[in-house]
Amino acid sequence: MADEGDVLTDLNTPSSGNGADNRPTAGFITQYIKDLSVENPNSPASFQWQDAPQIDLQFNIGANPVNDEISEVELKINATANCENGQLYVIELVYAGLVGVRNMPEDQMHMFLFAEAPRILFPFARRVVADATRDLGFQPLMVDPIDFNGLYLQRLQEKQAEDAATGGAAPGGNA
């Protein structure tokens with residue numbers, strides 16, 4: 001039997017309200033590789049090249065609504081390795097997740113979809129890229145962690161400065 005002040009007793013306290021689902025909620029339903037392209041265009045000659053590769057790494061984030069409560073968040077990563085003799089490899093990955101969001105203000109939902117969700121997806125996408133480069137026969141490409149929240153805030157400030165310079169929001173104006 002639970003004593004007064006026991007955790008189990010505290011969990012059984014009646015909730016205030018009518019039991020309606022009105023609390024802000026967000027979470028992942030699933031995550032998956034949506035698209036993956038891996039190329040080793042100059043093999044087997046590329047395995048003989050001795051110079052250090054120059055890595056070009058690009059990423060982008062997209063969010064597409066599926067319905068009123070579910071959005072698909074895409075983390076797109078493109079990695080290209082070139083050296084003096086030519087291209088070593090090209091990896092294009094779209095790693096996505098279905099995110100459920102309910103009862104959340106629009107600005108918080110936007111930040112969740114474009115900053116927090118990519119942060120959660122990133123370690124899994126990073127592993128796909130590392131495994132792909134290893135499977136191509138090269139050293140695994142370990143992508144450094146990315147501060148998605150900092151990038152989101154930076155982009156938001158840039159957008160506000162652009163809007164201020166043009167005298168208001170651009171037509172169709174979502175960030």
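Just so it is clear, the structure is predicted and the values come from calculations on it, not from any experiment. (Residues numbered from 1 in each chain as written. Predicted model: local features only at pLDDT ≥ 70, side-chain atom pairs only at ≥ 80, totals over all residues. Heavy atoms only, no water.)

1. Quick look at the overall build of the protein chain
Operational definition: Secondary structure elements follow DSSP: runs of H or I of four or more residues count as helices, runs of E of two or more count as strands, with numbering from the N terminus. Methods summary: accessible areas were calculated by the Shrake-Rupley approach with a probe of 1.4 Å, and residue burial reflects only the protein chains presented.
Check the secondary structure of the protein chain and you find 3 helices and 4 strands. Reading the secondary structure of the protein chain in the N-to-C direction produces α-β-β-β-β-α-α. Of the roughly 11,400 Å² of accessible surface on the protein chain, 50% is carried by carbon and sulfur atoms.

2. With respect to helix α3 (residues 148-166)
For clarity, the cut-off: Every helix has an expected span of 1.5 Å times one less than the residues it contains. For every residue, the accessible area obtained with a 1.4 Å probe (protein chains only) is divided by the maximum for its type, and the residue is called buried under 20%, exposed over 50%, and partly exposed between those limits. The directions considered for the arc are those from the helix axis to the C-beta atoms. In this description, contact between two residues means that some pair of their heavy atoms is separated by no more than 4.5 Å.
For α3, built from 19 residues, the straight-helix expectation of 27 Å at 1.5 Å per residue is met to within 8% by its first-to-last C-alpha distance of 27 Å. Listed in full, the buried residues belonging to α3 are Phe 148, Tyr 152, Lys 159 and Asp 163. One side of α3 holds all its buried residues, which, seen down the axis, span an arc of 50 degrees. In α3, the exposed positions that point more than 90 degrees away from the buried face belong to Gln 157, Ala 164 and Ala 165. Looking at the buried side of α3, the elements it contacts are β2 (54-65), β3 (70-83) and α2 (106-135). In the stretch just after α3, Gly 167 is the one whose phi turns positive, near 85 degrees.

3. Regarding unusual backbone geometry
Cis geometry is adopted by the peptide bond preceding Pro 44, which originates at Ser 43 and carries an omega value of 0 degrees. Within the secondary structure, Pro 44 sits in the loop between β1 (25-39) and β2. Of note, the phi angle at Asn 103 is positive, near 60 degrees, even though the residue is not glycine. Along the chain, the position of Asn 103 falls in the loop between β4 (86-102) and α2.

4. Remarks on the sheet that holds β4
The condition is simple: For two strands to be treated as a pair, DSSP must find at least two bridges joining them. Simply put, an axis is a line fit to the C-alpha atoms, just over the touching stretch for a helix, and the angle between two N-to-C directions goes from 0 to 180 degrees.
Ordered by their spatial adjacency, 4 strands build an open sheet running β1-β4-β3-β2, and the pairing between neighbours is antiparallel. What marks the edges here is a single partner per strand, and that holds for β1 and β2. Taking each pair of neighbouring strands and ignoring which way they run, the sheet shows an average axis angle of 15 degrees. Bridge count between β2 and β3: 12 bridges; the pairing is antiparallel. Across the sheet, residue Gln 58 finds its bridge partner in β3, namely Asn 78. Of the strands in this sheet, β1, β2, β3 and β4 are in contact with α2, which crosses β4 at around 140 degrees.

5. Observations regarding the environment of Phe 148
Tracing the backbone through its elements, the reader meets Phe 148 in helix α3. Judged by its relative accessible area of 3%, Phe 148 falls in the buried class. In this structure, the C-alpha to C-alpha distance between Phe 148 and Phe 122, residues 26 residues apart in sequence, is 9.5 Å. For Phe 148, the contacting residues outside a window of four places in its chain are Phe 59, Ile 61, Leu 75, Ala 115, Pro 118, Arg 119 and Phe 122.

6. Considerations on the packing of aromatic side chains
Quick note on the threshold: Between 30 and 60 degrees the pair is tilted, below 30 it is stacked and above 60 it is edge-to-face, where a pair is any two Phe, Tyr or Trp rings, Trp via its six-membered ring, whose centres lie within 6.5 Å.
What the rule picks out here adds up to 4 aromatic pairs. Residues Tyr 89 and Phe 138 carry aromatic rings whose centres are separated by 5.4 Å and whose planes lie at 45 degrees to one another, so their mutual orientation is tilted. Separated by 49 residues along the polypeptide, Tyr 89 in strand β4 and Phe 138 in the loop between α2 and α3 bring together distant segments of the chain. Like Phe 138, Tyr 89 is buried. Members of the aromatic cluster, connected to one another through ring pairs, are Phe 47, Tyr 89 and Phe 138.

7. A look at the nonpolar core
In plain terms, the rule: Residues belong to a common nonpolar core when they are buried Ala, Val, Leu, Ile, Met, Phe, Trp, Tyr or Cys residues joined through side-chain atoms within 4.5 Å.
Of all hydrophobic cores here, the largest spans 31 residues; its most connected members are Leu 75, Leu 88, Tyr 89, Val 99, Val 101, Phe 112 and Leu 113. When residues of this core are traced back to their parent elements, those giving at least two are β3, β4 and α2. Per element, the largest residue contribution to this core is 10 residues, and it comes from α2. Among all residues touching Val 99, those that are not within four sequence positions of it are Gly 27, Phe 28, Ile 29, Glu 69, Ile 70, Ser 71, Val 73, Phe 112, Leu 113 and Ala 117.

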